Amino acid sequence: MRWFPKIKRALFTALLLALLTTLLGPGAALPGDPFEQVRAFTRQIEFDYAGWSWQALGVKGVQTALNLPAYQSADQHIKVVNDYLTLIQEIQLNDAVIDQVFSDPNIQNPQQTAVPFLQKRDQLNEQRSRLEPLCESILQQQVSEAAAELGLTLSGQPLPPVLYRITPLPLALIVSPREVIRQDVDISLLADLTIEQRIDLEKQVEKGLNVSALVVNIGGVGMYPTMVTTTTDLPWLLETIAHEWTHNYLTLRPLGLSYEKSPELRTMNETTASISGKEIARAVLAKYYPWLLPPEPVEEPAPQPATPAEPHPEPTPPPFDFRAEMHTTRVTADELLAQGKIEEAESYMEARRKVFWEQGYQIRRLNQAYFAFHGAYADQPGGAAGSDPVGPAVRELRSRAGSLAAFINQIAWLSSYDQLQQALGDAGQTAITAP
């Protein structure tokens, strides 16, 4: 839902910007709103939310009218979901074979070799077209039940109703100033842009506006119905459905309505949705898919000191901790930028990207825009948020609230970070800091 203000504003200015773009060229920095400046580069490749929503609402209307889950038992629901996830896995494996056939230089006639796999793809996609709507309806119902049991309802029903659609997701162009990590622009792009097109767009925007830019993949969008990407990971799928529904829930209240007003409010929204998504998903898993619940953390026994007769083993280097290392990277980059050392900060982030890559984390670009995007999801300590105090403050409010419903119904009515601090009883004191 947070995308609609941008779309509306774009419609009002489209004619003027089209004229300016023609006169000045795509490399010229347009005056005014940074969002509109960046649109000079993206206008022809932006995602059509209005068209997508119209089609998705039609599909959801049919699903709601049929109400197929009502004619099946809970055990049948579980079987449908498992069958769907198995089917998606089979589709992905078959697609990987097709890609391999067309990439293998040793295959003389890849089109002919791929025929049985292409035929199988058609058959599998036909099965998917029949099974996916039913699976969506079942998971919507299960998430709705969990939300109701957690107290997130009006007269016993989640408001708005839980509706989501599996779909190829748009990409997101994130733009931050170079001198400070801050998300100034987030524009949705066509889902099928090639990697070459993404890189070229980043270069154009950075050169034309002297900013940091990054095209990122996303897992869901808080439209209505919400948009969720294809996956075989049921815990992640449930968490994403609940996360995006939480955005819709907040959009009816001050916190969601204030999403775009400041970086602090964006972090408050995203961290709240992340906390809610995890807790609702866990409730669904506990009720219907308990074998997928992650194990409870086990406290390791304290190591016993070696006796004098025992040789001292060589110390084992600690495993690579992604969140801790990313936290360190963000904090150091912030410090360099605060000192005005922009080039040094950018060189440092690139050097750190290579470290992450060597440890198996294939990050294509690590820059200001990367942290501006990922830093807003601060439901866990550390990570890309660095020393930003907003995430810890939201987590502290959750820990004090007792129930998820009490937490969400408290934070949903806040419209500034100052109000969050006041809600914690910290007005006039030092702000909460991240670990």
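An account of the accompanying structure is given in this report. In every chain, residue numbers begin from 1 and rise along the written sequence. Only residues with pLDDT of at least 70 get local features here, since the model is predicted, and only at 80 or more are side-chain atom pairs given and counted; chain-wide, interface and lining totals rely on the full set of residues. For side-chain calculations, the full set of non-hydrogen atoms in the structure is used, while hydrogens and water are omitted.

### Comments concerning the pattern of salt bridges
By convention in these notes, a salt bridge is any Lys or Arg side-chain nitrogen within 4 Å of a carboxyl oxygen on Asp or Glu. By the definition in use, this model includes 23 salt bridges. Notably, a salt bridge pairs Glu149 with Lys287, separated by 2.8 Å at the nearest N-O pair. One end of the pair, Glu149, is in helix H6 (residues 115–149); the other, Lys287, is in helix H10 (residues 263–288), with 138 residues separating them in the sequence. With a relative accessible area of 54%, Glu149 lands in the exposed category. For Arg400, the salt bridge goes to Glu396, with nearest N and O atoms at 2.7 Å. With Arg400 and Glu396 both in helix H14 (residues 390–401) and four residues apart, this pair spans about one turn of that helix. Note on classification: 1.4 Å probe, protein chains only; a residue is buried when its accessible area is under 20% of the maximum for its type, exposed when over 50%, partly exposed between these limits. Overall, Glu396 belongs to the partly exposed group, its relative accessible area being 28%. Connected through salt bridges with shared partners, the residues Glu202, Glu206, Arg364 and Arg365 form a single ionic network. The helix count covers DSSP runs of H or I at least four residues long, the strand count covers runs of E at least two residues long, and both are numbered beginning at the N terminus.

### Things to note about the sheet that holds strand S3 (residues 185–189)
Any two strands are treated as partners once DSSP identifies two or more bridges connecting them. Spatial strand order, S3-S2-S4: three strands in an open sheet with antiparallel pairing. A strand with exactly one partner marks an edge of an open sheet, and here the two such strands are S3 and strand S4 (211–216). The sheet shows a mean angle of 20° between the axes of neighbouring strands, taken without regard to direction. The axes used here are C-alpha line fits, helices contributing only the stretch in contact, and every angle between their N-to-C directions lies in the interval 0 to 180 degrees.

### Focus on the pairing of S3
The buried fraction of S3 amounts to five of the five residues, a majority that puts the element mostly inside the structure. Here S3 shows no split at all, with Val185, Ile187 and Leu189 on one side and Asp186 and Ser188 on the other all buried. As judged from the five bridges shared by strand S2 (residues 171–177) and S3, these two strands associate in the antiparallel manner. Paired with Ile174 across the two strands is Asp186, which belongs to S3.

### What to know about the side chain of Gln183
Positionally, Gln183 belongs in the loop between S2 and S3. Side-chain polar atoms of Gln183 contact the side chain of Arg266, separated by 3.1 Å. Contacts: residue pairs with any heavy atoms within 4.5 Å of one another. Contact partners of Gln183, with chain neighbours within four places excluded, come to Ile174, Val175, Arg266, Ala372 and Phe373. We define a polar contact as two N or O atoms separated by no more than 3.5 Å, with the added condition that, inside protein, one atom must be a possible hydrogen donor and the other a possible acceptor, whereas residues neighbouring each other in sequence contribute only through side-chain atom pairs.

### A few points about the packing of helix H4 (residues 74–103) against H6
At a closest axis distance of 8 Å, the pairing of H4 and H6 adopts a crossing angle of 145°. As H4 packs across H6, the resulting crossing turns out to be left-handed. Its residues assigned to classes, the contact of H4 with H6 shows 16 nonpolar, six polar and seven charged. Crossings are sorted by hand: turned counterclockwise from the far helix by less than a right angle, the near helix makes the crossing left-handed, and turned clockwise it makes it right-handed. In the scheme used here, Gly and all other residues not listed as nonpolar or charged are polar, with Ala, Val, Leu, Ile, Met, Phe, Trp, Tyr, Cys and Pro taken as nonpolar and Asp, Glu, Lys and Arg as charged.

### Concerning unusual backbone geometry
The amide bond that connects Leu159 to the next residue, Pro160, takes the cis arrangement and shows omega of 0°. Cis geometry marks the peptide bond from Tyr224 to Pro225; its omega dihedral reads 0°. You can see Pro225 is positioned in the loop between strand S5 (220–221) and strand S6 (226–228). For Asn210, which is not glycine, the phi torsion reads 55° and is therefore positive. Topologically, Asn210 is positioned in the loop between helix H7 (195–209) and S4.

### Quick look at the packing of aromatic side chains
Between rings of Phe, Tyr and Trp, where Trp is taken as its six-membered ring, a pair exists when centres lie within 6.5 Å; planes separated by under 30 degrees are stacked, by over 60 edge-to-face, and by other angles tilted. Counting across every chain of the model gives ten aromatic pairs. Consider the rings of Trp245 and Tyr249, whose centres lie 5.4 Å apart with planes at 50°: the pair is tilted. With a gap of four residues between them, Trp245 and Tyr249 both fall in helix H8 (residues 234–251), about one helical turn apart. Of the two residues, Trp245 and Tyr249, neither departs from the other in class, the shared state being buried. When the centroid spacing of 4.6 Å and the interplanar angle of 35° are considered together, the rings of Phe322 and Tyr361 count as tilted. In this pair, Phe322 sits in helix H11 (residues 322–338) while Tyr361 sits in the loop between helix H12 (342–358) and helix H13 (368–374), placing the two residues 39 residues apart along the sequence.

### Considering the nonpolar core
In this structure, Leu139, Leu152, Leu238, Met268 and Tyr289 are the most contacted members of the largest nonpolar core, which totals 54 residues. When residues of this core are assigned to their parent elements, the largest contribution, nine residues, is made by H6. Look past the residues within four positions of Tyr289 in its chain and what remains in contact with it is Ile78, Val81, Leu139, Gln142, Leu234, Leu238 and Val284. Core analysis: the second largest hydrophobic core is formed by 30 residues, Ile218, Leu336, Ala369 and Ala384 among them. Here, nonpolar core means buried Ala, Val, Leu, Ile, Met, Phe, Trp, Tyr and Cys residues that are tied together by side-chain atoms lying within 4.5 Å of each other.

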